[in-house]
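Examining the three-dimensional arrangement
Single-letter residue listing:
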Amino acid sequence: MLILETDRLRLRWFRPEDAGFLLGLINEPAWIAGIRDSGVRTEGAARDWMQGRLLDLYWRDGHGFWMVERKADGEPLGMCGIFKRDTLPLPDLGYGLRAQHAGQGYAREAARACLDYAQRVLGRDELLAITSPTNEASNRLLRDLGFAEEGVAEGGPDGPTLNWRWRATPPPANDAQAQIDALVQRFFAAFDNRQGAIAPVAALPALFLPEARITAPGQAPCDVREFVEPRALLVQGGRLREFHEWELEQQTVIDGTSARRELRYAKQGLLDGQPYGGCGTKQLELAQDGEGRWRIASLRWQDD
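Residues numbered from 1 in each chain as written. Predicted model: local features only at pLDDT ≥ 70, side-chain atom pairs only at ≥ 80, totals over all residues. Heavy atoms only, no water.

**Let's talk about the state of the cysteines**
Evaluation of the coordinates by the stated rule reveals zero disulfides. Unpaired in terms of disulfides, Cys 80 finds its nearest cysteine sulfur in Cys 114, a separation of 3.7 Å. Classification of Cys 80 by relative accessible area gives buried; the value is 0%. (Disulfide = S-S within 2.5 Å. Buried < 20%, exposed > 50% of the residue type's maximum accessible area, 1.4 Å probe, protein only.)

Below, the structure is given as structure tokens:
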């Protein structure tokens, strides 16, 4: 699934057929010295590593490490993305490129795009990063991106790590209504591919709680992946064009750490070149997660 593009780069989900490239990347001396030795030595092991460390997390978190390709010729360069480690309280920005592509500004270009994506699409106002204290190139890049050092942590499985933190400026609104409004806007924006934009439908799992249930018209309740996957194929697979949705009217009721949003919505676009649209009603149950961030706990809707 395509995530974003820059002037020179394209970032997308890794696929099983990328196992050979991934095997070479994570066994490069620079990767082992600056990141870690994953102990992966065969293409089959690389495929298993990819499944657990990359593919599964796309559906769990709505983000992860993405393949970085050069747009001009499709050459795979490395990986970059927003990754949620079990050992850290917040997601972190990470990257790693093949040594042969170092020194050409690719890491900076990909990392800056991922930072923008984290803030604009994922609604993240704070991110972490970890590096080796001796990795001067990565440390310089993080400083340039606006990350601040938070000291060295000793005794980790990969040795000492230098910890970094980025915070949005200005800080986001902290009242519940504003946060819910922003969440709903990001939900609608996930289906918007006007003027050839890449619809960020892949980020939808980040907007839902893991246990969320979604009920579409005439269908049984489903989980987030069952909801997102067909829509990702529809929006990015070439059938929809210029599709977008927006609110007509809404009402929000907030009760502590839970809320309900009822809204009337409209949608329009082209499906296989033919006009496609309509109106309907959506009901969103919302709750705060362990970080105190508002996320969708359930979604039910009815088209007119």
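**A closer look at the packing of helix H1 (residues 19-26) against helix H3 (residues 43-61)**
Viewed as axis vectors pointing N to C, H1 and H3 meet at an angle of 90°, and their least axial separation amounts to 8 Å. If you check the angle between H1 and H3, you find them roughly perpendicular. Of the residues in H3, those touching H1 at Ala 19, Gly 20, Leu 22, Leu 23 and Ile 26 are Glu 43, Ala 46, Arg 47, Trp 49, Met 50 and Leu 54. Along the lines of polarity and charge, the residues of the contact of H1 with H3 split into eight nonpolar, one polar and two charged. (Axes fitted to C-alpha atoms, helices over the stretch in contact; angles between N-to-C directions. Helix = DSSP H or I, 4+ residues; strand = E, 2+ residues; numbered from the N terminus. Parallel < 35°, antiparallel > 145°, perpendicular 65-115°, else oblique. Contact = heavy atoms within 4.5 Å. Nonpolar A, V, L, I, M, F, W, Y, C, P; charged D, E, K, R; others polar.)

**Some details on the side chain of Asp 192**
Take Asp 192: it is sitting in the loop between helix H6 (176-189) and helix H7 (204-207). Of note is the side chain of Asp 192, whose polar atom sits 2.4 Å from the side chain of Arg 194. If we skip the residues at most four places from it in the chain, Asp 192 touches Ala 197, Ala 199, Phe 243 and His 244. (Polar contact = N/O pair within 3.5 Å; in protein donor to acceptor, adjacent residues only side chain to side chain.)

**Observations regarding the nonpolar core**
Membership of the largest hydrophobic core comes to 89 residues, with the highest contact counts inside it found for Phe 14, Phe 147, Phe 187, Leu 204, Phe 208 and Phe 227. Here Phe 147 is in contact with Leu 93, Leu 115, Leu 127, Leu 128, Ala 129, Leu 142, Trp 164, Arg 165 and Trp 166, once residues within four sequence places are set aside. (Core = buried A, V, L, I, M, F, W, Y, C linked by side-chain atoms within 4.5 Å.)

**Thoughts on the sheet that holds strand E11 (residues 258-271)**
Here we have five strands laid out as an open sheet, ordered E9-E13-E12-E11-E10, and mixed in their pairing. Strands with a single pairing partner mark the edges of an open sheet, and in this sheet they are strand E9 (208-215) and strand E10 (240-255). Averaged over all adjacent pairs, the angle separating strand axes in this sheet is 20°, with direction ignored. Where E11 meets strand E12 (residues 274-288), 14 bridges bridge the pair, whose relative direction is antiparallel. Within the sheet, the bridge partner assigned to Arg 260 lies in E12 and is Glu 285. The sheet strands contacting H6 are E9, E10, E11, E12 and strand E13 (294-303), and the helix crosses E10 at an angle near 160°. (Pairing = 2+ DSSP bridges.)

**Concerning the packing of aromatic side chains**
The tally for this structure, following the rule as stated, stands at ten aromatic pairs. Ring geometry for Phe 187 versus Phe 191: centroids 5.5 Å apart, planes at 75°, classification edge-to-face. Like Phe 191, Phe 187 is buried. With centroids separated by 5.8 Å and ring planes inclined at 40°, the aromatic side chains of Phe 243 and Tyr 276 adopt a geometry described as tilted. Of the two residues, Phe 243 is situated in strand E10 and Tyr 276 in strand E12; the sequence distance between them amounts to 33 residues. For Phe 243, a relative accessible area of 6% translates into the label buried. Connected via pairs of aromatic rings, a cluster forms that spans Phe 187, Phe 188, Phe 191, Phe 208, Phe 227 and Trp 301. The ring of Tyr 265 has Lys 282 sitting right over it, with the charged end atom 3.6 Å from the ring centre. If you follow Lys 282 out to its NZ or CZ, it ends over the ring of Trp 301, 5.4 Å from the centre. (Phe/Tyr/Trp six-rings, centres within 6.5 Å; stacked < 30°, edge-to-face > 60°. Lys NZ or Arg CZ within 6 Å of the ring centre and 35° of its normal.)

**Here's the deal with the pairing of strand E2 (residues 9-12)**
Each regular strand displays side chains that alternate between the two surfaces of the sheet. Note: strand E1 (residues 2-5) against E2, three bridges, orientation antiparallel. Of the residues in E2, the one forming a bridge with Leu 4 is Leu 11. Count of turn residues in the E1/E2 antiparallel hairpin: three residues. One ladder, built from four bridges, connects E2 with strand E3 (residues 65-70); its direction is antiparallel. The residue bridging Leu 11 from the neighbouring strand is Val 68, located in E3.

**Focus: the environment of Gly 81**
Along the chain, the position of Gly 81 falls in strand E4 (residues 76-83). Residue contacts for Gly 81: discarding those within four places in its chain leaves Gly 64, Phe 65, Trp 66, Asp 92, Leu 93, Gly 94 and Cys 114.

**Section: the pattern of salt bridges**
Pairs may arise between side chains of opposite charge once their charged atoms sit close together. Applying the stated rule across the entire model yields 30 salt bridges. With its nearest N and O atoms 2.9 Å apart, the salt bridge here joins Arg 41 to Asp 37. Residue classification places Arg 41 among the partly exposed positions, given a relative accessible area of 47%. A salt bridge links Arg 239 to Asp 272, with the shortest nitrogen-to-oxygen separation between them at 3.5 Å. Of the two residues, Arg 239 is situated in the loop between helix H8 (224-236) and E10 and Asp 272 in the loop between E11 and E12; the sequence distance between them amounts to 33 residues. Here the salt bridges do not stand alone but share partners, grouping Arg 10, Arg 12, Asp 18 and Glu 69 into one network. (Salt bridge = Lys/Arg side-chain N within 4 Å of Asp/Glu carboxyl O.)

**Some points on the packing of helix H4 (residues 106-120) against helix H5 (residues 136-145)**
At their nearest, the axes of H4 and H5 sit 11 Å apart, and the two run at 40° to each other. By the angle class used here, H4 and H5 are oblique. In this structure, H4 crosses over H5, and the sense of that crossing is right-handed. Taking contact as the criterion, the partners of Ala 107, Arg 108, Ala 111, Arg 112 and Leu 115 in H4 are, on H5, Leu 141, Asp 144 and Leu 145. Along the lines of polarity and charge, the residues of the contact of H4 with H5 split into five nonpolar, no polar and three charged. (Left-handed = near helix turned anticlockwise from the far one by under 90°.)

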